[in-house]
Amino acid sequence: LARSSHRLVRRVRVGLVLSAMAGSRTIQITGGVFVSTTRMWLKKELERFGEVDVCHMGNRDRPEEEPPWVRFKQPRAAEDALAACERGEVLVDGHQLKAAWRAGPKGKGKGG
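Described below are features of the structure shown in this document. (Residues numbered from 1 in each chain as written. Predicted model: local features only at pLDDT ≥ 70, side-chain atom pairs only at ≥ 80, totals over all residues. Heavy atoms only, no water.)

## Quick word on the sheet that holds strand S1 (residues 26-31)
Put simply, the test is: When DSSP finds two or more bridges between two strands, those strands count as paired. In this text, helices come from DSSP runs of H or I with a minimum length of four residues, and strands from runs of E with a minimum of two, each type numbered from the N-terminal end. Fitted lines through C-alpha atoms serve as axes, helices being fitted only where they are in contact, and the angles separating the N-to-C directions of these axes extend from 0 to 180 degrees.
Pairing is antiparallel across the open sheet formed by four strands, whose spatial order is S2-S3-S1-S6. Every other strand in the sheet has two partners, leaving strand S2 (52-56) and strand S6 (98-101) as the edge strands with one partner each. Ignoring strand direction, the axes of neighbouring strands in this sheet form an average angle of 25°. Here four bridges tie S1 to S6, and the two strands are oriented antiparallel to one another.

## Observations concerning the pairing of S1
Both S1 and strand S3 (residues 69-72) contribute to a ladder of three bridges, which runs antiparallel. Each residue of the ladder has a partner; that of Gln-28, found in S3, is Trp-69.

All we've got here are geometric facts, nothing functional implied.
Okay, structure coming up:
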């Protein structure tokens with residue numbers, strides 16, 4: 001009984017995360033972007049999944065503090081891009097791009 005209730009709680013948590021991200025249009029780039037990566041190249045590579053609304057390179061010197069992110073015009077484009085990144089199908093400057101859903105802006109004035 002304890003195991004089945006634990007599984008149910010886990011499924012509910014995963015379901016909540018997925019439903020919270022449903023309709024999201026913004027992915028955060030978590031790997032594969034370097035100082036030499038240009039905004040235009042990153043945008044061009046991701047536009048194959050759909051129209052990009054914003055491509056923000058973040059803080060190139062401290063990407064862990066302000067990582068790059070990309071907002072698509074349509075949620076489906078973001079979903080497709082993220083799925084391709086998870087499968088290792090997106091390369092920028094020869095490096096595999098890694099991404100995750102962007103949780104939201106950190107602080108005032110930062111869109112997402």
